[in-house]
Amino acid sequence: MASIETNRPAAGLFAGNISHVFARAFGAVAEWNDARVTRKALSALTARELDDIGLNVGDIDRIAKRTAG
């Protein structure tokens, strides 16, 4: 026999959904900022410094995206 739970408050579901939306938005902004900071730091390095750590200028965007994601 199937049963349905009817004692869950509707407001709790709505509040949970809103907090989930804000948490996802905050997470997206934090990831964007991490990528921005990484990109800025790597862009400040010279070609020689990038070579010393095994990177080149073309790697900066790929590394920044990987850091964010």
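As shown above, the structure is provided for reference.
Residues numbered from 1 in each chain as written. Predicted model: local features only at pLDDT ≥ 70, side-chain atom pairs only at ≥ 80, totals over all residues. Heavy atoms only, no water.

Here's the deal with the nonpolar core
Part 1: By size, the foremost hydrophobic cluster in this structure holds 5 residues: Leu 42, Leu 50, Leu 55, Ile 60 and Ile 63.
Part 2: Non-local contacts of Ile 63, meaning those with residues more than four positions away in its chain, are made with Thr 38, Leu 42 and Leu 55. (Core = buried A, V, L, I, M, F, W, Y, C linked by side-chain atoms within 4.5 Å. Buried < 20%, exposed > 50% of the residue type's maximum accessible area, 1.4 Å probe, protein only. Contact = heavy atoms within 4.5 Å.)

Focus: the pattern of salt bridges
Part 1: The final tally for this structure, using the stated rule, is 3 salt bridges.
Part 2: A salt bridge links Asp 61 to Arg 39; the nearest nitrogen and oxygen atoms lie 3.0 Å apart. You can see Asp 61 sitting in helix 3 (residues 60-68) and its partner Arg 39 sitting in helix 1 (residues 10-43), a full 22 residues away along the chain.
Part 3: Across the pair Asp 52 and Arg 48 runs a salt bridge whose closest N-O atoms are separated by 3.3 Å. In this pair, Asp 52 and Arg 48 both sit in helix 2 (residues 47-52), 4 residues apart, roughly one turn of the helix. Like Arg 48, Asp 52 is exposed. (Salt bridge = Lys/Arg side-chain N within 4 Å of Asp/Glu carboxyl O. Helix = DSSP H or I, 4+ residues; strand = E, 2+ residues; numbered from the N terminus.)

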